[in-house]
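Here is how the chains run, residue by residue.
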Amino acid sequence: MIVAERKPLDEIAEMIAPFRKVAVIGCRSCVAICLAGGEKEVNMLVSAMKLKNRNEGREQEFDGFVLERQCEKEWVKEVEDRILASDIVLSMSCSLGAQTVGDMYPHKIVVPGLNTKMFGVPEEQGVWSEKCLGCGDCMISTTGGICPIARCAKSMLNGPCGGSSDGHCEVNLDIECAWYAIHERLKLQGRLDLMETVRPPKDWVPSHSGGRRVLVREDAKLTQHQKRGEEVVE
Amino acid sequence: MADRRPKVVGFCCERHAMDSSIFSARSGRTYDTGLRIIRVPCSGRVDGMHILNALEEGADAVFVLGCLEKNCYYDTGSVEGRKRVEYVKSMLSEVGLEPERVEMFNVSSSMAWKFPEIVSRMTEVARRLGPIGSGGGDGR
Ligand code: SF4
Ligand code: SF4
């Protein structure tokens, strides 16, 4: 899932300050799970902003609501009226949602209420950790199912480095050394030979280094004919 | 401002918190009638949204009252309640409001004297700070 965190309230307040009607749009998917931009968080943010305004004598109108997924145009389209009725959109989804709304309504100012942090997993209640960087060419079959790109501070392909100590990473002793974890996992699986196998330098073109990535599935795409049909139905 | 009765909302769990209010009344203790009690099944049921809503609807101060920690009817309910209160306090600070408008307290049923004490303390906070946006209460 995508893990995000609410921006400081004063930063949010500053972004929306010049505008009167603010649409605050949350998302029921990843950012609801990580307690950053679901229904409750949208309501609390609107409430806090109203209290701030009352305290400072500022007038602003808030329309807070939540979409099933803000990164999908179909869901955004359903609330078009409310978006168009606003002076600014404060997106409480990850940046993908904010950019979807912004791309659909380019004349609208859309600002992010959250900082999009990582691809991560919930480890326990209230704790999320990063496990993938989206390199575009997954290699965890050779590393015991543990990603060295995201979980090793140096993204080493052949670790550990000399700084690994007692299972901890030298960059931050509070986090585990990914390569220690990989070693332990491979040992458990009786595949320690993989530790000796040299992984060649990675081709980073499928990653972000190759520029913005666009994924196309020809079998899933609508044909021109189908798109025209859609227009007729509309 | 002096004429206005401070508005305090207390979210009280229906176990030790409500019991302590009842025992305090039975033992003849009184408290400010500017208090509105909202009975909840457990202080852990109180969400940050409920507290902010109370402030938005005009409360000057809000408290959450639950069982003593480690003696909570629902085991860790009052610990949950405290975490929510702390989070709301941090939000209030972030928007420039006084975090002391919101507090968490713990009681056991038998602490009849503590209920009026808590109400007085929060009423005092409400009186001192005044309504949000009023520019201040008696204390300014
Ligand atoms: S190897 Fe690449 S795709 Fe696989 S988990 Fe790591 S960053 Fe993600
Ligand atoms: S100590 Fe481990 S996790 Fe940290 S940089 Fe070295 S190999 Fe990577």
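Just so it is clear, the structure is predicted and the values come from calculations on it, not from any experiment.

(A) Structural detail: the sheet that holds strand S1 (residues 8–13) of chain B. All names here are of chain B. Taken in spatial order, the four strands line up as S2-S1-S3-S4 in an open sheet, and their pairing is parallel. In this open sheet, the two edge strands, each paired with only one partner strand, are strand S2 (35–40) and strand S4 (102–107). Each neighbouring strand pair of the sheet contributes to a mean axis angle of 20 degrees, computed without reference to strand direction. Relative to S2, S1 is paired through six bridges, and the arrangement is parallel. Of the residues in S2, the one forming a bridge with Cys-12 is Arg-39.

(B) Local environment of the side chain of A:Thr100. All names here are of chain A. Within the secondary structure, Thr-100 sits in helix H6 (residues 95–104). Judged by relative accessible area, Thr-100 falls into the buried class, the value being 12%. Beyond its immediate stretch of four places on either side in the chain, Thr-100 contacts Gln-70, Cys-71, Glu-72, Lys-73 and Val-76.

(C) Seen up close, the environment of A:Glu176. Residue and element names in this part refer to chain A. In this fold, Glu-176 is placed in the loop between helix H7 (148–151) and helix H8 (178–188). Counting along the chain gives twelve residues from Glu-176 to Ser-164, while the straight-line C-alpha distance between them is 8.9 Å. Once residues lying within four places of it in the same chain are set aside, the contact partners of Glu-176 are Arg-151, Gly-167, His-168, Cys-169 and Ala-181. Here Arg-151 takes part through its side chain, which lies 3.2 Å from a polar atom of the side chain of Glu-176.

(D) Highlighting the interface of chain A and chain B. At the interface, 16 residues of chain A touch 18 residues of chain B. At the boundary of chain A with chain B, total buried surface from both sides reaches about 1,600 Å², with 58% on carbon and sulfur atoms. Interface area lost by chain A to chain B is led by A:Met44, A:Leu51 and A:Arg54, which between them contribute 39%. Summed over the shared surface of chain A and chain B, the number is three salt bridges. Between A:Arg6 and B:Glu94 there is a salt bridge, and its shortest N-O distance comes to 3.4 Å.

(E) Examining the side chain of B:Asp47 more closely. Inspection of the secondary structure assignment puts B:Asp47 in the loop between S2 and helix H2 (48–56). In this structure the side chain of B:Asp47 is engaged in a polar contact, spanning 2.9 Å, whose partner is the side chain of A:Lys40. Contact partners of B:Asp47, with chain neighbours within four places excluded, come to A:Lys40, A:Met44 and B:Arg84.

(F) Main features of the site of ligand 1. Residues in close proximity to ligand 1 include A:Lys131, A:Cys132, A:Leu133, A:Gly134, A:Cys135, A:Cys138, A:Met139, A:Ile140, A:Cys147 and A:Ile149, which together make up its full environment. The class makeup of the residues in the shell around ligand 1 is eight nonpolar, one polar and one charged.

(G) Region of the structure containing the environment of B:Ala17. Residue and element names in this part refer to chain B. Counting through the fold element by element, Ala-17 comes out in helix H1 (residues 16–26). When the C-alpha atoms of Ala-17 and Arg-5 are compared, they prove to be 24 Å apart, with twelve residues separating the residues in sequence. Discounting residues that sit within four places of it in the chain, Ala-17 has contacts with Cys-12, Leu-65, Gly-66, Val-107 and Phe-115.

(H) Broad picture of the pattern of salt bridges. Residues and elements named next belong to chain A. The full count for this structure, using the stated rule, is 28 salt bridges over all chains. We note a salt bridge from Lys-187 to Glu-184, for which the minimum N-O separation is 3.8 Å. Remark: Glu-184 and Lys-187 occur in helix H8; sequence separation between them is three residues, near one turn of the helix. Assessed through its relative accessible area of 44%, Lys-187 is described here as partly exposed.

(I) Examining the site of ligand 2 more closely. Near ligand 2 the following residues occur: A:Cys152, A:Ala153, A:Lys154, A:Pro160, A:Cys161, A:Gly163, A:Ser164, A:Cys169, A:Glu170, A:Cys177, A:Ala178 and A:Trp179. Considering only residue class, the shell around ligand 2 consists of eight nonpolar, two polar and two charged.

(J) Main features of the pairing of strand S3 (residues 61–67) of chain B. All names here are of chain B. A large share of S3 lies buried, amounting to seven of its seven residues. One ladder, built from five bridges, connects S1 with S3; its direction is parallel. If you follow Val-9 over to S3, its bridge partner there is Val-62. In the sheet, S3 pairs with S4 via six bridges, with the strands oriented parallel. Following the sheet pairing, Phe-63 is matched in S4 by Glu-103. At this point the chain moves from S3, through helix H3 (residues 77–94), to the parallel S4, and the crossover so formed is right-handed.

(K) Molecular detail of the nonpolar core. The biggest cluster of nonpolar side chains holds 50 residues, and the ones touching the most others in it are A:Val24, B:Phe11, B:Ile51 and B:Val62. In terms of residue count, the dominant contributor to this core is helix H3 (residues 39–56) of chain A (seven residues). With residues near it in sequence (within four places) discarded, B:Phe11 still touches B:Ile38, B:Val40, B:Val46, B:His50, B:Ile51, B:Ala54, B:Val62, B:Phe63, B:Val64 and B:Leu65. Within the second largest apolar cluster, 19 residues are counted, among which are B:Ala17, B:Met18, B:Val107 and B:Ile118.

Calculation criteria
Residues numbered from 1 in each chain as written. Chains lettered and ligands numbered in written order. Predicted model: local features only at pLDDT ≥ 70, side-chain atom pairs only at ≥ 80, totals over all residues. Heavy atoms only, no water. Pairing = 2+ DSSP bridges. Helix = DSSP H or I, 4+ residues; strand = E, 2+ residues; numbered from the N terminus. Axes fitted to C-alpha atoms, helices over the stretch in contact; angles between N-to-C directions. Buried < 20%, exposed > 50% of the residue type's maximum accessible area, 1.4 Å probe, protein only. Contact = heavy atoms within 4.5 Å. Polar contact = N/O pair within 3.5 Å; in protein donor to acceptor, adjacent residues only side chain to side chain. Buried area = accessible area lost by both parts, 1.4 Å probe. Salt bridge = Lys/Arg side-chain N within 4 Å of Asp/Glu carboxyl O. Near = heavy atom within 4 Å. Nonpolar A, V, L, I, M, F, W, Y, C, P; charged D, E, K, R; others polar. Right-handed = clockwise from strand over helix to strand, strands pointing away. Core = buried A, V, L, I, M, F, W, Y, C linked by side-chain atoms within 4.5 Å.

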